[in-house]
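So you can see what is in the structure, the chains are spelled out below.
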Amino acid sequence: MHGCCLIEPQSSGDEMPEIHVVQRDNRHLYESYFDPYFRLRHDIYVKQRKWMALDRPDGREIDQFDTEDTVYLFCLDGGQLIGAMRAVPTLSPTLMSEIFPYLSIRGPIHRSDVYELSRIFVIPERRGEHAGPRIEMLLLTAIMEYGISIGLTGFSIVLESWWLPRFERCGWKAHPLGLPQMIDGMSVLAVLVDCDETTWKSLCGQIGLTNPALTWQGLTGVNRQILPDISLLHSPAVQPAR
Ligand code: COA
């Protein structure tokens, strides 16, 4: 399932998993992860969640939003892919603009400072962990770090409404863009989430991070903003209420 990897694992099972930014400029370093990644997506979204519209005969869940502009966060533990998330610039076609435009009353968002998030997952055996920050919380923290690093102000998301109380509990500020609609038996809505330093620092405090979480391997060319100092955030690793 995991394939071989070009990335030298920097953490063992006892340490915090790494979150790698993977995009056009460094994708070649992560090429061996992509086939397992798309197969995991198929296992999770088609086989487990039964989102049959995503089914493909080759067992790899890939869609029109997996493009050269797409940014992936890969969560790696000892070199194993254990979770991921996808971010698409909203100046490009997005789920909201192409598939669900009716979910946003004022129309889909097309802004250079907003990326659309989708396909967040954690492999089943690493969900709901309590012996350290949950992988899902780590991904939510890491994408906020990514956003402020490159100057984003928000994330648009088409999501199931069960996410809203989860966002509320962890401090993500989600503003609905329209009313929820029933789609394939799911209550789905579009939101715009604030991407700001305050939210990132709060998330870092909740999971006990005192250093930025992202690995930007091979991305020295990316123009990044200086992040606020979080080294003095030393509140104990608090798990958000579930
Ligand atoms: N429907 C409703 N609630 C759900 C849910 C679903 N499909 N999946 C998760 N939740 C909620 C529930 O409240 C659940 O609590 P429960 O165990 O009491 O039911 C809670 O989230 C915790 O979820 P859990 O799966 O234990 O793991 P997690 O918090 O570590 O990870 C996800 C959450 C969403 C990352 C993980 O469940 C996952 O990878 N799911 C498959 C991919 C997916 O559906 N992603 C979202 C759409 S892109």
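Preceding this section is the structure that the text describes.
Residues numbered from 1 in each chain as written. Predicted model: local features only at pLDDT ≥ 70, side-chain atom pairs only at ≥ 80, totals over all residues. Heavy atoms only, no water.

Peer 1: Quick question: what am I supposed to make of the overall build of the protein chain here?
Peer 2: A count of helical and extended segments in the protein chain gives five helices and nine strands. For the protein chain, the succession of helices and strands along the chain, N to C, is β-α-β-β-α-β-α-β-α-β-β-β-α-β. Computed over C-alpha atoms, the radius of gyration of the protein chain comes to 17 Å, within 12% of the 18 Å expected from 2.2 N^0.38 for 242 residues, which places it in the range of a compact globule. The buried share among the 242 residues of the protein chain stands at 51%. In the protein chain, once contacts between residues fewer than 6 apart in sequence are set aside, the share between residues at least 24 apart is 72%. (Helix = DSSP H or I, 4+ residues; strand = E, 2+ residues; numbered from the N terminus. Rg over C-alpha atoms; globule rule 2.2 N^0.38 Å. Buried < 20%, exposed > 50% of the residue type's maximum accessible area, 1.4 Å probe, protein only. Contact = heavy atoms within 4.5 Å.)

Peer 1: Explanation requested: the pattern of salt bridges in the structure shown.
Peer 2: Side chains that differ in sign of charge can pair as their charged atoms come close. The final tally for this structure, using the stated rule, is 21 salt bridges. Between aspartate 63 and arginine 86 there is a salt bridge, and its shortest N-O distance comes to 2.8 Å. A residue pair is termed long-range when its members are at least 10 positions apart, and aspartate 63 in the loop between helix H1 (31-48) and strand S2 (71-77) and arginine 86 in strand S3 (residues 80-89) qualify at 23 residues. By the burial criterion, aspartate 63 is buried, and arginine 86 matches it. Of the charged contacts in the structure, one is a salt bridge between arginine 134 and glutamate 136, with a shortest N-O distance of 2.7 Å. A single burial state applies to arginine 134 and to glutamate 136, both of which are buried. (Salt bridge = Lys/Arg side-chain N within 4 Å of Asp/Glu carboxyl O.)

Peer 1: Would you take a moment to explain the nonpolar core for this structure?
Peer 2: As a rule of thumb, soluble globular proteins bury nonpolar side chains together. Core analysis: the largest hydrophobic core is formed by 62 residues, its most contacted members being Tyr37, Leu73, Phe74, Ile143, Phe155 and Trp172. Here the element with the most residues in this core is helix H3 (residues 135-149); it accounts for 10 residues. Once you skip the residues sitting within four places of it in the chain, leucine 73 turns out to touch Ile19, His20, Val21, Gly83, Ala84, Met85, Leu139, Ala142, Ile143 and Leu214. (Core = buried A, V, L, I, M, F, W, Y, C linked by side-chain atoms within 4.5 Å.)

Peer 1: Hey, could you run me through the packing of aromatic side chains in this one?
Peer 2: The relative placement of two aromatic rings is captured by the distance of their centres and the angle of their planes. Under the defined criterion, the tally for this structure stands at 19 aromatic pairs. Their ring planes at 45° and their centres at 5.8 Å tell us that phenylalanine 34 and phenylalanine 38 sit as a pair that is tilted. Of this pair, phenylalanine 34 and phenylalanine 38 are both found in helix H1, four residues apart, which corresponds to roughly one turn of the helix. The exposure class assigned to phenylalanine 38 is buried, which follows from its relative accessible area of 4%. Ring centres 6.4 Å apart and planes at 50° place the aromatic pair tyrosine 115 and tyrosine 146 in the tilted group. Of this pair, tyrosine 115 sits in strand S4 (residues 114-122) while tyrosine 146 is found in helix H3, placing the two residues 31 residues apart along the sequence. The pair formed by tyrosine 115 and tyrosine 146 is uniform in burial state, with each residue classed as buried. Of note, arginine 27 hangs over the ring of phenylalanine 34, and the distance from its end group to the ring centre comes to 3.7 Å. Note that arginine 119 overlies the ring of tyrosine 45, its terminal NZ or CZ placed 5.4 Å from the centroid. (Phe/Tyr/Trp six-rings, centres within 6.5 Å; stacked < 30°, edge-to-face > 60°. Lys NZ or Arg CZ within 6 Å of the ring centre and 35° of its normal.)

Peer 1: What's the story with the environment of arginine 134 in this structure? I'm lost.
Peer 2: Looking at the element boundaries, arginine 134 is found in the loop between S4 and H3. Linking arginine 134 and valine 188, residues 54 residues apart in sequence, is a C-alpha distance of 24 Å. Within the local environment of arginine 134, its side chain forms a polar contact with the side chain of glutamate 136, the two groups lying 2.7 Å apart. (Polar contact = N/O pair within 3.5 Å; in protein donor to acceptor, adjacent residues only side chain to side chain.)

Peer 1: I keep staring at the environment of glutamine 48 and nothing clicks. Help me out?
Peer 2: Positionally, glutamine 48 belongs in helix H1. A relative accessible area of 43% means that glutamine 48 is categorised as partly exposed. On a C-alpha basis, the gap between glutamine 48 and phenylalanine 167 in space is 23 Å, while along the polypeptide they are 119 residues apart. In this structure, glutamine 48 is in contact with Asp43, Pro124 and Arg127, ignoring residues within four places of it in sequence.

Peer 1: I tried to follow the site of the ligand on my own but got confused; where do I start?
Peer 2: Neighbouring the ligand are 16 residues, the closest being Arg49, Ile120, Val122, Gly128 and Arg166. At 2.9 Å from an oxygen atom of the ligand is found a main-chain nitrogen or oxygen belonging to valine 122. If the ligand stood free it would expose 870 Å²; the protein chains cover 67% of that surface. Sort the elements by how many residues they give to the shell around the ligand and S4 lands first, with four residues. (Near = heavy atom within 4 Å. Areas by Shrake-Rupley, 256 points an atom, 1.4 Å probe, with all protein chains shown as cover.)

Peer 1: Teacher, can you tell me more about the environment of valine 158 here?
Peer 2: Position of valine 158 among the secondary structure elements: in strand S5 (residues 154-160). Judged by relative accessible area, which is 16%, valine 158 ranks as buried. It is 11 Å that separates the C-alpha atoms of valine 158 and proline 108, two residues lying 50 residues apart in sequence. Setting aside its immediate chain neighbours within four residues, valine 158 contacts Met96, Phe100, Leu103, Glu116, Val188, Leu189 and Ala190.

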